[in-house]
Amino acid sequence: MSSEQTFGGEWTKAKLDSLAKYLRAYTKIFTRNPHAKFFTTVYVDAFAGGGYIKEETSDASLQDLFPDLTEEDTQGFIKGSAVRALEVEPGFDEYLFIEQSQERCGELEKLKAAHPQKVIEIKNANANEYLGEWCKKTDWHKKRAVVFLDPYGMEVEWALLEKIARTHAIDLWLLFPLGIGVMRLLTKRKPPPPEWARRITTIFGTKDWKEEFYSTRPTLFGGETEERDAGYKAVGNFFLIRLKTIFTQVAEKPLVLRNSKNAPLYLFCFAAGNPKGAPKAVKIAQDIIGK
C-alpha cells in the first residue's frame, strides 16, 4: 500500500466521521422521499487518494518544515473517504473518484473491482480541470450530488467553487487549509511576495483579502509599513463570507480541525447550492459537526 495517503491525526478521523454521517443522512433522504427518488445521486471525491490512509507521520521533510503540526508515529491503515462512501447505506446511485496520481488510481481500480454492484467511475485527472468540466456538462435537472474536496495542499481554486455553486444541485464539503496553508502565506510583518499573493487571490477569488487582513501603520522614522492584523478567526470568517456570495446557504460554524498541540490546521466547511434543499442540508451538516 505504498501509494496510500498519510494519516494526519485525530482530526483526520473527525473529518471522515463527519463526512460519513452526512452521506448516510443524504442517501436516506433521497431513498425515502418520493419526490427525491426522481434524481440520480452522485458522490464525487475530487482528491480521492487510494482508498486507505496510512497511520503514520514520519516524513522527515514534513517535520522539518512544520514541526508544530506533526503527530507521533503510529501504525496501520484507516478507511479513507472513498471506502467510507462506498460502505454507506443505502448508498449513492453513482460514484466519481478523481485522482491525479496514477498509482493511487490503480488502488482505486482495485476498490472498484471489490464493489462490482456499484457504478464507479475513476478519472486520472487534475481535479480543478476535470470537476469543473463535469459540473458544466452534467444535466442537473436529473442529478444531485455531494462533492468532497479534500486537497493535499492548496490546490482548490475559487473558480472551481464557482462552477460547483452554479449547478444549484451540489452539497459541498470542503477542507480549507487555514493554518497549514493560507496563514503561512499571509506573512506578518509585511504583505506576502507577489507569487504568494497570487496564490492567495486564486484561493479566495478576490484581491480584497489584502485590504481585509493588512493595515498601514506609521514607522518610528516617519514612513509607513503594512502589517497583518488578521488572525485565524478573521481569515476563516472571510472565507465563509466569500462562500456565501456564491452558495445558497453555508454552515455558520465549520468544524475546526486541530493537531495535538491545539493549533488550527483546517476548517471543514459545508455549503449547499440547491435553494429548495439547502436549509435542511445545512441543518443536518451543522448538527453533525457541532456548533
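(A) Highlighting the pairing of strand β6 (residues 120–124). Pairing geometry for strand β5 (residues 94–99) and β6, over 5 bridges, is parallel. Each bridged residue has a counterpart across the sheet, and for I98 the counterpart in β6 is K123. Regarding the hand of the β-α-β motif, the stretch spanning β5, helix α4 (residues 102–113) and β6 is right-handed.

(B) View of helix α6 (residues 158–166). When we look at burial in α6, the residues that qualify are W158, L160, L161, I164 and A165. End-on view of α6: buried residues confined to an arc of 155 degrees, all on one side of the axis. Of the surrounding secondary structure, the elements contacted by the buried residues of α6 are α5 (127–137), β7 (143–149), β8 (170–176), α8 (194–204) and α10 (232–244). H168, located one to two residues past α6, shows a positive phi value of around 55 degrees.

(C) Main features of the packing of aromatic side chains. Counted according to the given criterion, the structure contains 25 aromatic pairs. For the pair Y95 and F97, a centre-to-centre distance of 6.4 Å together with 45 degrees between the ring planes defines the contact as tilted. With a centroid separation of 6.4 Å and an interplanar angle of 70 degrees, the aromatic rings of W209 and Y214 are classed as edge-to-face. With respect to burial, W209 and Y214 carry one shared label: buried. Above the face of the Y152 ring, R104 is positioned so that its terminal group lies 5.0 Å from the ring centre. The ring of W158 is capped by R242, whose NZ or CZ atom sits 4.6 Å from the centre of that ring.

(D) Structural view of the environment of D208. Within the secondary structure, D208 is located in helix α9 (residues 208–213). For the pair D208 and F238, spaced 30 residues apart in sequence, the C-alpha to C-alpha distance is 9.9 Å.

(E) Expanded view of the nonpolar core. Formed by 50 residues in total, the largest nonpolar core has its most connected members in L131, W134, L149, I164 and F204. Apart from the residues within four sequence positions on either side, F204 is in contact with W158, F176, V182, W209, F213, V235, F238, F239 and R242. Formed by 41 residues, the second largest nonpolar core is a distinct cluster that contains V146, W173, F268 and A272.

(F) Molecular detail of the side chain of K118. With respect to the element layout, K118 can be found in the loop between α4 and β6. Here K118 is buried and forms no salt bridge, its nearest opposite-charge partner E89 lying at an N-O distance of 4.5 Å. Leave out the neighbours within four places in its chain, and K118 touches L86, V88 and Y95.

(G) Up close: the pattern of salt bridges. Enumeration over the complete set of coordinates arrives at 14 salt bridges. Note that K136 is salt-bridged to E133, the shortest N-O span being 3.1 Å. One end of the pair, K136, and the other, E133, are both in helix α5, 3 residues apart, so they sit about a helical turn from each other. Judged by relative accessible area, which is 55%, K136 ranks as exposed.

Reading the values: the criteria
Residues numbered from 1 in each chain as written. Predicted model: local features only at pLDDT ≥ 70, side-chain atom pairs only at ≥ 80, totals over all residues. Heavy atoms only, no water. Pairing = 2+ DSSP bridges. Helix = DSSP H or I, 4+ residues; strand = E, 2+ residues; numbered from the N terminus. Right-handed = clockwise from strand over helix to strand, strands pointing away. Buried < 20%, exposed > 50% of the residue type's maximum accessible area, 1.4 Å probe, protein only. Arc of directions from axis to C-beta. Contact = heavy atoms within 4.5 Å. Phe/Tyr/Trp six-rings, centres within 6.5 Å; stacked < 30°, edge-to-face > 60°. Lys NZ or Arg CZ within 6 Å of the ring centre and 35° of its normal. Core = buried A, V, L, I, M, F, W, Y, C linked by side-chain atoms within 4.5 Å. Lys, Arg positive; Asp, Glu negative; His and termini not counted. Salt bridge = Lys/Arg side-chain N within 4 Å of Asp/Glu carboxyl O.

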